[in-house]
Every structure is written in C-alpha cells, then in structure tokens.
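Here is how the chains run, residue by residue.
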Amino acid sequence: MAKFYEIVLTVLKSDKRFVAEDGTFLRNAVYEAAMKMDQGLIRLLLSNEDTSARFFADVDGVKVFDKMGFAWVINNRQFLPDSYTRFKNKIGLVDGSEQMLATSGEVELVFPYKDCVLEGGQTREDQKRQEIFYNETLAPDEVDCLLYPKVFSGAKRYTKDGTEEINQFSESDNLIIKGNNLLVISSLLKRYEGRVKCVYIDPPYNPTSNANTFAYNNSFNRSTWLVFMKTRLQMAKRFLTSDGVLIVAIDKNEQPRLQILIEEIFPEYDVDCITVIHNPRGTIGTNFSYTHEYAIFVTPKGKKTICSRTLSEDEIEWSPLRNWGGESLRTDAKNCFYPIIVKDEKIIGFGDVADDAFHPTSQTEQHGDKYYIYPIDTKGIERKWRYARQTVETIFDLLRVKKTRTGYDIEIGKNFGTYKTVWTDSKFDASVNGTQLLKDLVPNTVFSYPKSLYTVIECVNSVVKEDKDALILDFFGGSGTTGHAVMEINKQDGGHRRFILAEQMDYVETDTLVRNLNVLKEIAPESTIAFFQLAKLNQTIVEEIEAATDDAILSDIYGRMVKSGFISYKVNPADIDAAADDYSALALDDKKRFLMEILDKNLLYVNYCDIDDEEFGISDEDKAFTRSFYREG
C-alpha cells in the first residue's frame, strides 16, 4: 500500500502551480494556497479519496477543510517519511497555539510522539526494544493495517464440568482473550462498540525504579508510556454505553499526566481521582512512606452514573421513625398512625391505620408472642410515623427494632450514601486481599503484589450495581482480579453480568484463566468462560527465535523471514547480506536479538481480511468461530 505522504505529493504535483520548471515541488506555494483557502487546491484534495478522507470533515453534509492539519503535513520535511512528530521532545503543557506557556483556559498535555500509535508489542514481560511509532496523519495506511480486526484461534469453552472446543461464538460466555491488548480491543470494537457499562483497567504504573513493569523502551520512557495509554484510552471510550464509566487504577508516578490526558480525550466527561489506601504499612520513599494509589473515575457529565455506596453498620446514623417537633401529632396525618408488628426483636409486618376512636393503652402492646409498636412518645402523646402506611413497606430494609425500658421503639437509618474520595477500609489491603487471596487460588502464581479483590469489587460495583446484565471490560487482564470481582458481584445479587479480559503474556493461561476457573467452580457454577487468542503470524516466528539453540536454526528462520516478507519495511535485506561477516561474529543471543529487531511486529497476528489466504493456514474451525464473532458466519 502506498504511503500516504506519497499520495499527497502525487495529488499536489498534478497542479502545475505547485511544480517548478525543473520539477521541484513548490511547498511554499501550496502552503500559501491553503492559507488563502484556494478553491483550486480544495477541489484537488477533494478529488482524491485518500486526501478527501484525511483533510476534510463532514459536517451536516458539508465538507470542512482542515487547513491547519494540511499545513502541518506540508511544512514537514518531505512530508516526514520517518513519521516525525510535530510535538516537541519535551513533556509540558501548551495551549491551542502550541506555546509552552499557555495563557488561555484550555490546557493540553504534550509529549513526544503524541500524534502516533505504538506498534506491536512485547514477546516477554521483561523484553525491551526500540518501538516504532506510526504517525496517525502521515502514515494512516500503516496505522489502519495495525488495527485491522484479527482472526481468532483455539477457541474453547470452560464450564464447571470441563472443557470443549467450540466453533461458534456465544454472547452468554465470559471471555478471556490472549494477544496484544491494543489489537484485541481493536478487534472487539466490531462487536462491542457502545455496549460496555464499565471499563476497568489497571495498566503498568511506570515507576522510576527496577520495579517498572512497563517494558517498552524508548529514549522518552514517559512519552512512550503516554502514547501507549493514549491509543488504548481512545478505544476504551468507544466501548462505553451512553452512561458507561471508565475506571483507571494508577499510582503517583503517572497520575498527574494521565489525568490530564484523560481530560483531553474525554472532554464531555467528569474526571474524579479517588485515593485508595492499599498498603497501610507503606512503601518507603526518600521523604515519605507511600500507603495509597488512585482510581480515576471518568463519568458522563450531568448524569448520575455512580450508584450509592452500601454503608457498614457503624456508619449508619439511626434516628426515631416517630416524628417529633412541629406537625408531628397523630391528627396531622391520620394515615401515619398504625402499629408496627415485632417478634423476636425483628419487624415482621405493619398493621392497618388505626380508627380515630382507637387509642392504644401503651406505646408497646403485647399480643401473644408479638408486640405492636405505636408512635407514642415517652410522655404518652400520640404522634405519627414519618412514613404513611401505604409507603412504609418501601423502606422496610432501613428500619430496626430498639429495645427500651418499657418495650420497643422503631428507628430508621439509611444504609446507603455517596462514595467518598478517600477509601480507607482494611479490605482494600493488597497484601491480605490480593497476594494471599491469589496464592490460595493459584499457589504457583507469578504475581507478587496483585490488587485487592475488594478494591476492584468496590470500583466496578459502584457502576454496575443496578445493572444486573452489565458488560465489564478489562484489557489489562493481569491476574484476572476483574473477572473474579464480577463473579463475586453476581453472587451477591443473583446478577448475570459478564466480563471480557485481554492479556498478552503467557501467564494468561496459567494464572488468569486458572484463577477464574477456580472461582467459577466455587461461586458461579452456572457461568461459562470462552478462551481464545489472536491467530499468530509473526508471533510464531518470535517464539521460534526464542526457542532456537544454534546458528543453523536461526539461519533457517532468517531465510523464511526474508522470503515471507515479514520483516520491517525499514530494513533492506541487501544491507544485511553485505554485513554477513559482522552478523556471523555475533553471539547466539545477539543474533536472536537482531532477528527480533528486524521482524515486523506490526504483523504479529493474522488480519481478518486475510482469513481465507491459504498461506496463513487458518483451520475451518477457527474460520467458523471468527466469522460467528464478527456476525458474518
């Protein structure tokens, strides 16, 4: 596929005004024409399908020219074939004019490669390599190829009774998918766009220490992390329902920049940062001991999308159900004078409204093993309940019986309230309810400090509590805590919520899947989990390189790489052949590293559009499952 900048150049050179007699392209002439909204230039760009799509927005049937976006392309060296980004190689804040010190109210986060999409992915959790960045404006063909929907393979359904291979997708399954999470979610969009009630993600925290789990390597590590997050957040937004909520777990290392990035991507949403005390013992820093991390909630503006929090017993403020003060007498509301029936110190029912001529002999009347409680105060004055007889049953769960010296009284206390912005409950302790809990489920787990199960339950349930059929997506699947949390929430209220987890690393089969299967068997035996992965292309070669034990095997792999064309477009095989002696002198591990570098990791998996290409050897079963997922089978 031709590079986009070459298409632009070809289109512009068809206008003689923009080409000198010696064939030189007149960049300044094009730029001036754009600034003047030259009709000839606009017609020229509209005449080509690619330039029309990239430089014009359709507004109510009218094509609007993106003059500044076009000018940026023209003003960059040879249209930047190296996908050079227009943003400075700094981290900072700018306004709309891209000045580092903003004077306007609008603030935008700037980082190197902000206009780009991060290619491919890691093959091992600890692998580091120089990432290629594709610029969204200058190389749209390459970005589109990267994000094509992929073929799925090896689909299995797990139940409490065992496992079966499947060739048809079912909406009722929970999903665990193995593959690069960017490519997984770009495939999932075809089916789930606009259908997810809660996206909960716990991405790599990118600390400035040896504990850094973010293994992408670049001269701008922070920038790399922000690019990594930016593209995935943009996709996450597309999954959400109109009342859907995004929740991102993060710590102090990237929280400030991440929150600004989120506010930029979600301008029509409210962004609230919740503090969670997850490590009460603290992690020692230079000057402070850190006990907390954050959960960033992204909610639609103007909508009440966070459910009420269930209060613990000691948080409830109890008060008499009996009215007091002004307009609290029986005569003020006749339908509020009736008995509340108590047995064994529990409310078992409500009597009828008392006739005007009836006056109880006491506030608590005993009738056999039952007690009838009336709204009469300690002075014997007949007052009224705060709720009428026809509505009191709606607040039954908010009432309790209180023993008094003379009998019983009835109190009301709300067991729900608004979530606070600091969560301190001991259940959020990641050591007790993360590490220890996971080891009980997966004794040989590779995770040393997973998140507390109850932190994830609290976050997700705050969004889906009142939607028993909600869909929850987590594309940083990790140890599978989100799937576990969803099944726990369903257990509490009999819901049928489903989860989708995506994870690239091999532990998805030994930890993520195993944990959720064990939980399923214990508390959700009626549930099912479908496990499948992205069909491998270059990923198979990656695994062969890692497993190679001698030069002969690597030579065979290299030959197949060149023959197949699955090497980076930036690499010229002739240059490699010319340096054959240098290559031979490398150690085996260095040769492996070299082959990893030149392999086109943009082609790790098979695109859905190539499903019938015999070269890729997709089985009939995998074809059937993939087509059923995309609703084309």
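Below you will find a few notes about this structure. Each residue is numbered by its place in its chain's sequence as written, counting from 1. Selection of residues for local features in this predicted model requires a pLDDT of at least 70, selection of side-chain atom pairs for listing and counting requires 80 or more, and totals for whole chains, interfaces and linings are taken over all residues. Calculated side-chain values reflect all of the structure's heavy atoms, with hydrogen atoms and water omitted.

1. Re the pattern of salt bridges
Salt bridges, as used here, are contacts in which a Lys or Arg side-chain nitrogen is within 4 Å of a carboxyl oxygen on Asp or Glu. Under the defined criterion, the tally for this structure stands at 41 salt bridges. Two residues, R560 and D556, come together in a salt bridge whose shortest N-O distance is 3.1 Å. A residue pair is termed a helical-turn pair when its members lie 3 or 4 positions apart in one helix, as R560 and D556 do in helix 15 (residues 551-564) at four residues. The cut-offs for exposure are 20% and 50% of the maximum accessible area for each residue type, with area from a 1.4 Å probe on protein chains only; residues under the lower value are buried, those over the upper are exposed, and the others partly exposed. On the accessibility criterion, R560 (35% relative accessible area) is partly exposed. Helix and strand definitions here come from DSSP, where helices need a minimum of 4 consecutive H or I residues and strands a minimum of 2 consecutive E residues; each element is numbered from the N-terminal end.

2. Looking at a nonpolar patch on the surface
Patch construction takes residues with relative accessible area above 30% that form no salt bridge. Like charges are linked within 9 Å, and nonpolar side chains (Val, Leu, Ile, Met, Phe, Trp, Tyr) are linked within 5 Å. For the accessible areas, the method is Shrake-Rupley and the probe is 1.4 Å, while residue cover comes only from the protein chains on display. Residues V59, V62 and V64 make up a contiguous nonpolar surface patch of about 230 Å² in total accessible area. Among the secondary structure elements, V62 is positioned in strand 2 (residues 62-65).

3. Concerning the nonpolar core
If you look at the biggest cluster of nonpolar residues, it comprises 128 residues, and the most contacted ones within it are L188, V199, L233 and L246. Broken down by element, this core gets its largest block of residues, eight residues, from helix 8 (residues 221-239). Filtering out sequence-adjacent residues up to four positions away, L246 remains in contact with V199, I201, L233, A236, L240, F266, I296, F297 and V298. In terms of nonpolar packing, the next biggest core, distinct from the first, is built from 21 residues, I7, V30, F55 and I74 among them. Within this scheme, the nonpolar core is defined by two criteria: the residues are buried Ala, Val, Leu, Ile, Met, Phe, Trp, Tyr or Cys, and they are joined through side-chain atoms within 4.5 Å. Contacts are assigned to residue pairs that have any heavy atoms within 4.5 Å of one another.

4. Details of the sheet that holds strand 18 (residues 340-343)
If you walk across this open sheet you meet the four strands as 19-18-21-20, and the pairing is antiparallel. The open sheet has two edge strands with one neighbour each: strand 19 (346-350) and strand 20 (364-367). Mean inter-strand twist for the sheet, computed between neighbouring axes without regard to direction, equals 30 degrees. Only when DSSP finds a minimum of two bridges between them are two strands counted as paired. Note that strand 18 and strand 21 (residues 370-373) share three bridges and pair antiparallel. Within strand 21, the position partnered with I340 by the bridge is I373. The axes are straight lines fitted to the C-alpha atoms, using for helices just the contacting stretch, and the angles between their N-to-C directions are given from 0 to 180°.

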